[in-house]
Amino acid sequence: MHDRHIEEVPPTAPTATSTGHDPVTVERGSFCIARCPCGWSGPARRSRDRARTDVAEHLAAP
């Protein structure tokens, strides 16, 4: 493998930890809630997939 100069390395997208967000989903009975250490939490969802979508929307928000 060859060495690459810094200006040749493509920029990477920010990760959850680099933006200060590391959201998780928490199960409460038959509901799933998305929560983030920044204080944000999504609504209780019966659909775990929808709770994960809430997390993705939170990370995409400015």
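Here the structure is a predicted model, which means the values were calculated and not measured.

A. How the structure looks around the overall build of the protein. Per the secondary structure count, the protein includes one helix and two strands. Written out in order from the N terminus, the α and β elements of the protein read β-β-α. For the protein, the residues scored as buried account for 16% of the 62 residues in total. If you take every contact in the protein between residues at least 6 apart in sequence, the share linking residues at least 24 apart comes to 13%. Counting only carbon and sulfur atoms, one obtains 55% of the accessible surface of the protein, whose full area is about 4900 Å².

B. Region of interest: the pairing of strand β2 (residues 31–35). Of the strand pairs in this sheet, strand β1 (residues 24–28) and β2 are connected by five bridges, and their pairing is antiparallel. Note that in β2 the partner of Thr-25 across the bridge is Ala-34. The hairpin turn running from β1 into β2, its antiparallel successor, is two residues long, and Gly-29 in that turn takes a positive phi close to 65°.

C. Focus on helix α1 (residues 48–60). A rise of 1.5 Å per residue sets the reference length of α1, with its 13 residues, at 18 Å; its end C-alpha atoms lie 19 Å apart and thus fit the reference within 8%. Looking at α1, one finds that the buried residues are Ala-51, Asp-54, Val-55 and His-58. Projection of α1 onto a plane perpendicular to its axis shows the buried side chains occupying an angular sector of 100°, all on one side. The inward-facing, buried residues of α1 contact β1 and β2.

D. Geometry of the environment of Gly-39. Of note, Gly-39 is situated in the loop between β2 and α1. The sequence separation of Gly-39 and His-21 amounts to 18 residues, and the corresponding C-alpha distance is 9.7 Å.

E. Up close: the environment of Ile-33. Turning to its location among the elements, Ile-33 is positioned in strand β2. Sequence spacing of Ile-33 and Arg-50 is 17 residues, and the spatial spacing of their C-alpha atoms is 9.6 Å. Those residues in contact with Ile-33 that lie beyond four places of it in its chain are Val-24, Thr-25, Val-26, Arg-28, Gly-42, Pro-43 and Ala-44.

Criteria and cut-off values
- Residues numbered from 1 in each chain as written.
- Predicted model: local features only at pLDDT ≥ 70, side-chain atom pairs only at ≥ 80, totals over all residues.
- Heavy atoms only, no water.
- Helix = DSSP H or I, 4+ residues; strand = E, 2+ residues; numbered from the N terminus.
- Buried < 20%, exposed > 50% of the residue type's maximum accessible area, 1.4 Å probe, protein only.
- Contact = heavy atoms within 4.5 Å.
- Areas by Shrake-Rupley, 256 points an atom, 1.4 Å probe, with all protein chains shown as cover.
- Pairing = 2+ DSSP bridges.
- Expected span 1.5 Å × (residues − 1).
- Arc of directions from axis to C-beta.

In short, geometric facts, not functional conclusions.
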